[in-house]
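Fold and geometry: a report
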2 protein chains.
Amino acid sequence: MTAAHRAPPPPPISKRMQRDIDDPIPLKKGVLRFLEDPYHKTKNPNGIVNLGVAENTLMADELLDKLPKSLHMEYEDLGYGRPNGSVRLRTALANFINAHFNPATPIKADHIVATNGACAAINTFSYTLCNPGDAMLITAPYYGAFDPDVSHKSGARAITVNLNGRSPFEVDHIEALEQCMSKCQAEGIIVKGMILSNPHNPLARCYSREVLEALLKFASKHNIHVVSDEIYALSLFDHHLNDADAEEPQFTFDADNVDPSSLHSSSFISMLALPNLVELINPELVHIVYGMSKDFCINGLRVGFAISPFNSAVLEGIGGNAEFSWVSSITDSLCSTILEDTKWTNWFLLRNQKKLAASYLRTCKVLDHLNISYLPAQAGHFMWIDLKPYCDKIKDLLMERSGEAPKIPSQTLFNALIEHKVYIAFGEAFHTEEIGRFRLSYSMNKDAQELGLMRMEQVLKCITSGDIELSISPDEEDIYKLSKTLDDVCLVEATVGEMIPQNERPEKKKGPQCIVS
Amino acid sequence: MTAAHRAPPPPPISKRMQRDIDDPIPLKKGVLRFLEDPYHKTKNPNGIVNLGVAENTLMADELLDKLPKSLHMEYEDLGYGRPNGSVRLRTALANFINAHFNPATPIKADHIVATNGACAAINTFSYTLCNPGDAMLITAPYYGAFDPDVSHKSGARAITVNLNGRSPFEVDHIEALEQCMSKCQAEGIIVKGMILSNPHNPLARCYSREVLEALLKFASKHNIHVVSDEIYALSLFDHHLNDADAEEPQFTFDADNVDPSSLHSSSFISMLALPNLVELINPELVHIVYGMSKDFCINGLRVGFAISPFNSAVLEGIGGNAEFSWVSSITDSLCSTILEDTKWTNWFLLRNQKKLAASYLRTCKVLDHLNISYLPAQAGHFMWIDLKPYCDKIKDLLMERSGEAPKIPSQTLFNALIEHKVYIAFGEAFHTEEIGRFRLSYSMNKDAQELGLMRMEQVLKCITSGDIELSISPDEEDIYKLSKTLDDVCLVEATVGEMIPQNERPEKKKGPQCIVS
């Protein structure tokens with residue numbers, strides 16, 4: 001026997017890290033299922049087709065042609081440089097924002113901190129704005145990774161604001177925010193801000209000016225910060241839908257002379273673009289997140305931006321620990337080169353928008369054919385679809401077969417889809433209260449998309465006919481729990497709108513009005 | 001007047017972020033002074049020459065030739081990939097460690113989490129091993145950035161262990177660790193681990209097997225973790241000193257067939273290389289940090305590695321929040337290509353060692369000529385020099401002139417050097433108790449080095465002759481405070497060995513014995 005066997009066990013790892021590990025977000029759990037056996041056209045044709053991750057591979061050829069040619073390393077790129085991003089990169093991004101976000105006040109390099117991804121940018125805002133235990137409000141549904149982005153390492157809480165059937169794109173949803181705010185005050189939770197994504201993830205639509213103004217007035221009333229995640233700003237395509245061809249995107253534009261205005265649609269209004277910002281709110285409360293992952297179709301690049309144009313204390317804060325979100329100089333240099341090449345950038349972004357429009361229309365056709373309801377998309381890589389009828393059918397089938405109804409039938413549906421080799425993201429991962437919502441991605445090549453949709457169709461048909469094996473997933477409870485209540489004070493995630501135990505919650509009568517068939 | 005002018009002020013930023021900002025490490029303060037006016041041979045010949053940062057520019061031409069050719073982007077590099085680093089990168093690094101660190105148990109890809117720099121790796125260990133308020137011990141002097149690396153975001157404390165004149169390379173310094181441990185226990189501070197750098201920063205020497213074993217026994221006795229930062233492992237050059245030419249490095253080796261053993265010196269022993277590890281300590285307590293910045297001479301690359309081969313809980317922990325230390329896929333791919341090219345890597349590392357040896361010897365010559373004492377270096381980019389005689393002279397001069405002695409004469413010397421356009425890092429930034437210690441870098445091209453040393457020589461001569469204007473820096477107190485006590489419990493940095501107010505501390509009689517002239 002060695003000495004080690006007589007040694008006491010090592011001290012356990014820290015409680016907060018154990019908690020972070022023990023609470024993987026449902027979104028991650030879904031992705032991990034897909035990653036067990038990912039589809040590849042030649043290497044793994046029977047693998048799981050990914051129609052769930054927000055990953056845009058439509059522009060892969062264009063990127064693989066451009067990126068390797070764009071790495072021009074300089075002597076300076078070898079040294080430390082600046083942990084908040086090079087002046088070159090931040091200047092290029094400021095110019096990009098000024099060209100495409102229509103800011104009422106021009107953005108400068110000094111307003112920007114570059115981070116290794118947008119999740120690090122949100123984490124930086126959370127750490128800067130919140131003391132441990134303070135909260136950020138987010139209306140449901142929302143991008144599930146906002147939970148760790150807000151809470152991990154910062155000790156802040158992401159509080160889900162359930163809208164009780166209201167649409168976040170209607171002004172009346174502010175009432176739910178007010179109610180949540182009152183609950184927080186009653187429970188002694190200090191709310192420091194709210195986060196929203198615009199264009200919205202997972203709803204794939206943009207906030208109107210009216211709603212943005214109402215949100216800002218709400219934030220102003222309570223003197224809380226607003227962090228607007230605008231990472232899909234240029235993945236906008238609703239202005240191309242009328243002349244888009246679902247089968248083949250149209251590139252009838254002069255690649256060398258793309259008019260930047262052809263990239264813009266009136267549907268997207270950046271929080272920075274409101275000319276009357278100062279009348280709505282103290283601008284010191286307004287901040288933006290952007291990143292290269294989505295509009296430039298490179299999730300692996302890990303380049304995000306925390307932008308705070310009006311608040312020098314927050315600006316200093318978001319740069320205060322920049323050494324932990326430091327972007328590699330290689331990547332910094334490559335990004336700068338791309339952003340500076342405005343001719344290429346405009347061409348790339350327009351081409352991407354046209355491809356997204358075509359791909360989206362292709363998906364709509366299939367969904368219409370299957371009579372599946374969905375929220376019309378304006379931007380992003382995905383759409384929000386309604387598979388509740390299939391969940392209801394699953395409930396009936398399982399009751400019939402075993403006398404036991406699944407608590408989360410969408411989990412059973414999700415598992416059936418994974419079994420049949422297609423992955424779409426389940427709504428619980430986005431904190432929705434609605435049963436049977438899924439986020440369906442369409443930003444992949446046509447072959448994979450057709451195969452994935454075909455597999456989905458087969459599963460849905462088998463459910464309709466009852467010709468499918470189904471079983472209640474053993475971890476359903478877990479997933480539900482994870483996406484809902486947590487009220488350890490030191491923790492990090494808590495759902496104030498969800499105080500009623502799930503079995504006492506009244507069943508919803510109808511879905512949000514914005515769902516159309 | 002606009003609405004904003006009537007608005008209440010925005011909530012202040014979080015206390016911990018304000019604290020992080022208010023306590024910049026002295027090392028950073030020094031670097032910021034240099035960055036105000038950095039020397040460039042043609043663009044800014046009158047700028048400040050950098051002989052203070054641990055930045056190795058000796059291999060810049062070789063890198064600028066190799067790196068741009070090495071970016072081969074694949075379709076997979078566009079996607080998310082894995083936040084803990086690609087399997088490819090971690091496999092390449094495992095092979096590298098197995099080839100060069102002589103581990104008693106081979107390292108596998110699964111033992112490694114890639115991070116955006118070694119500072120993020122240390123921060124990950126700190127967050128994983130410590131609850132807020134728990135401590136990591138570090139013997140002084142040490143790399144000043146360990147303070148934020150340990151404490152920021154994690155809420156752990158970096159506790160400086162003063163050795164009271166003992167050398168960290170002698171076994172008897174364990175007594176100081178034991179005393180510090182007792183003090184921590186008496187004050188209810190839970191110590192979770194210790195950090196050491198080997199090769200040592202700033203002392204530029206390696207720990208002997210005897211001392212490593214004593215350190216591990218100490219850690220075992222108290223059941224605390226040991227994190228060994230081995231980022232300078234291959235910047236070892238003491239085995240080349242006998243046949244090195246200070247004026248021109250010798251490259252009399254076959255570039256295509258470099259024997260890996262020519263890269264190794266018996267002076268460096270990795271913590272992983274101890275064959276009797278299990279007899280000394282529970283191996284679950286032993287962890288390693290590595291990174292590409294130093295041995296590969298690219299500080300800007302931001303690629304570090306947290307390595308934990310024996311403890312699955314810690315391994316899971318260091319990967320638990322990897323999305324915030326995610327390495328860009330571009331950089332991940334580039335690093336993988338370089339590490340896989342073992343022929344080039346071996347050539348590059350050997351060439352770097354030879355250049356470091358020559359550059360070090362060149363510096364020794366100048367220091368010998370000036371009769372400046374220094375600790376002989378074995379590895380790294382810098383050496384630890386003793387400018388106390390000049391500090392004493394500064395004290396005398398200022399007493400004579402103004403009747404006021406500076407509390408930290410090395411700050412006055414530092415300021416005089418900066419005024420005369422040369423930057424070297426002052427010892428206080430490394431938490432030393434010894435007066436007049438500086439870390440002098442030599443890993444830059446000969447022209448800059450000669451110019452910097454010449455400027456330093458001029459300043460020192462003027463001090464000797466009294467022919468120089470000197471003034472007590474207004475922020476001396478600040479710098480001293482920063483490098484010493486802090487005992488806010490929520491904070492982060494605390495110096496247990498430094499409980500005696502500075503004006504009551506007995507003056508040291510002599511420097512550490514390891515300083516030779």
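Thresholds, definitions, all that
- The numbering scheme is per chain: residues are counted from 1 as the chain's sequence reads.
- Just so you know, chain letters begin at A and ligand numbers begin at 1, following the order they were written in.
- Whole-chain, interface and lining totals are the exception, using all residues; otherwise, since this is a predicted model, local features are given only for residues with pLDDT of at least 70 and side-chain atom pairs are given and counted only at 80 or more.
- Each side-chain value is worked out from all heavy atoms of the structure, with water and hydrogens disregarded.
- A run of H or I in DSSP becomes a helix once it reaches four residues, and a run of E becomes a strand once it reaches two; helices and strands are each numbered from the N terminus.
- In this treatment the radius of gyration is a C-alpha quantity, and the globule benchmark scales as 2.2 Å times the residue count to the 0.38 power.
- Using a 1.4 Å probe on the protein chains alone, a residue whose accessible area is under 20% of its type maximum counts as buried, one over 50% counts as exposed, and one in between counts as partly exposed.
- Counted as positive: Lys and Arg. Counted as negative: Asp and Glu, with His and the chain ends omitted from the count.
- Each charge is placed at NZ for Lys, CZ for Arg, CG for Asp and CD for Glu.
- In short, DSSP must find at least two bridges between two strands for them to pair.
- Only Phe, Tyr and Trp rings are paired, with Trp represented by its six-membered ring, and only when their centres lie within 6.5 Å; those with planes under 30 degrees apart are stacked, over 60 edge-to-face, the remainder tilted.
- Placement of a charge over a ring requires the Lys NZ or Arg CZ to be within 6 Å of the ring centre, with the centre-to-atom vector within 35 degrees of the ring normal.
- For this analysis, a nonpolar core means a set of buried residues of the types Ala, Val, Leu, Ile, Met, Phe, Trp, Tyr and Cys, connected via side-chain atoms within 4.5 Å.
- Any pair of residues with heavy atoms lying within 4.5 Å of one another is described as a contacting pair.
- Throughout this description, a polar contact denotes any pair of N or O atoms lying within 3.5 Å of each other; where both atoms belong to protein, one of them has to be capable of donating a hydrogen while the other can accept it, and for residues adjacent in sequence the pair is counted only when both atoms sit in side chains.
- Any residue that is not Ala, Val, Leu, Ile, Met, Phe, Trp, Tyr, Cys, Pro, Asp, Glu, Lys or Arg is counted as polar, Gly included; the first ten are nonpolar and the last four charged.
- The arc under discussion is defined with respect to the helix axis, by the directions toward the C-beta atoms.
- Whenever Lys or Arg places a side-chain nitrogen within 4 Å of a carboxyl oxygen from Asp or Glu, that contact is recorded as a salt bridge.
- When the copies are superposed, the least-squares fit takes in the C-alpha atoms of residues with a pLDDT of at least 70 in both.

A separate point is the overall build of chain A. In terms of helices and strands, chain A carries 17 helices and 14 strands. The globule rule puts the C-alpha radius of gyration for 517 residues at 24 Å, and the 23 Å found for chain A is close to it. When the backbone C-alpha atoms are referred to their principal axes, chain A occupies close to 65 × 65 × 60 Å. Taking all 517 residues of chain A together, the buried fraction comes to 64%. For chain A, the centre of its 49 positive side-chain charges and the centre of its 66 negative side-chain charges are spaced 2 Å apart.

The subject of this paragraph is the sheet that holds strand E12 (residues 425-426) of chain A. Sheet strands pair by backbone hydrogen bonding; their relative direction is either parallel or antiparallel. All names here are of chain A. Reading across from one edge, E9-E10-E13-E12 is the order of the 4 strands in this open sheet, with antiparallel pairing throughout. Sheet topology places strand E9 (373-375) and E12 at the edges, where each strand pairs with a single neighbour. Pairing of E12 with strand E13 (residues 437-441), which is carried by 2 bridges, proceeds in the antiparallel orientation. The partner of Phe426 across the bridge, within E13, is Phe438.

Residues and elements named next belong to chain B. Strand order in the open sheet formed by 4 strands is E9-E10-E13-E12, and the pairing between neighbours is antiparallel. Bordering the open sheet on either side are strand E9 (373-375) and strand E12 (425-426), each of which pairs with just one other strand. Here strand E10 (residues 382-386) pairs with strand E13 (residues 437-441) via 5 bridges, running antiparallel. What sits directly across from Met383, in E13, is Leu440.

Here we come to unusual backbone geometry. A:Pro199 follows A:Asn198 through a cis peptide bond whose omega is -5°. Positionally, A:Pro199 belongs in the loop between strand E5 (191-197) and helix H9 (209-222). At A:Arg302, a position not held by glycine, the phi torsion is positive, near 55°. Inspection of the secondary structure assignment puts A:Arg302 in the loop between strand E7 (286-291) and strand E8 (304-307). Overall, A:Arg302 belongs to the buried group, its relative accessible area being 5%. Its identity is not glycine, yet B:His431 carries a phi of approximately 65°, on the positive side. With respect to the secondary-structure elements, B:His431 resides in the loop between E12 and E13.

A few words now on the packing of aromatic side chains. For the structure shown, the criterion picks out 40 aromatic pairs over all chains. When the centroid spacing of 5.5 Å and the interplanar angle of 80° are considered together, the rings of B:Tyr143 and B:Phe146 count as edge-to-face. What links up through ring pairs into an aromatic cluster is the set A:Phe96, A:Phe101, A:Phe268, A:Tyr290, A:Phe296, A:Trp344, A:Trp347 and A:Phe348. Stacked on the ring of A:Tyr127, the Lys or Arg B:Arg16 has its end atom at 4.2 Å from the ring centre. Residue placement shows B:Arg302 over the ring face of A:Trp326; its charged tip is 3.9 Å from the ring centre.

Most often, soluble globular proteins have nonpolar side chains that are buried together. Formed by 333 residues in total, the largest nonpolar core has its most connected members in A:Leu137 and B:Leu137. Beyond its immediate sequence surroundings of up to four residues, B:Leu137 is in contact with B:Ile159, B:Val161, B:Leu177, B:Cys180, B:Met181, B:Cys184, B:Val191, B:Gly193, B:Met194, B:Ile195 and B:Phe218.

Here the focus is the interface of chain A and chain B. In this assembly, 87 residues from chain A lie in contact with 87 residues from chain B. Linking chain A with chain B are 43 residue pairs in polar contact (both at pLDDT 80 or more), by the criterion used here. With 8 residues, the top contributor of residues to the side of chain A that touches chain B is helix H6 (residues 118-129) of chain A. Within the side of chain A that touches chain B, the residues separate by chemical class into 45 nonpolar, 25 polar and 17 charged.

On to helix H3 (residues 26-35) of chain B, then. Residues that lie three or four places apart on an α-helix share one face, since the helix turns once every 3.6 residues. Looking only at H3(B), the buried set comprises B:Pro26, B:Leu27, B:Gly30 and B:Phe34. The buried residues of H3(B) all sit within an arc of 110° when viewed along its axis, so they share a single face.

The next thing to look at is the pattern of salt bridges. Residue and element names in this part refer to chain A. Considering all chains together, one arrives at 34 salt bridges over all chains under this definition. Notably, a salt bridge pairs Asp447 with Lys41, separated by 2.7 Å at the nearest N-O pair. Within this pair, whereas Asp447 is found in helix H16 (residues 446-465), its partner Lys41 is found in the loop between helix H3 (26-35) and strand E1 (49-50), the two being separated by 406 residues in sequence. Salt-bridge contacts for Lys69 lead to Asp65; the nearest nitrogen and oxygen are separated by 3.3 Å. Since its relative accessible area comes to 52%, Lys69 is described here as exposed. For Asp65, a relative accessible area of 46% gives the class partly exposed. Here the residues in one salt-bridge network are Glu62, Arg351 and Lys355, joined through shared partners.

Right, let's talk about the relation of the copies chain A and chain B for a bit. Superposition record for chain A on chain B: RMSD 0.0 Å, screw rotation 180°, translation along axis 0.0 Å. Taken together, the rotation and translation relating the two chain copies correspond to the operation of a two-fold axis. For chain A, the smallest separation between a C-alpha atom and the rotation axis is recorded for A:Lys153, amounting to 3.0 Å.

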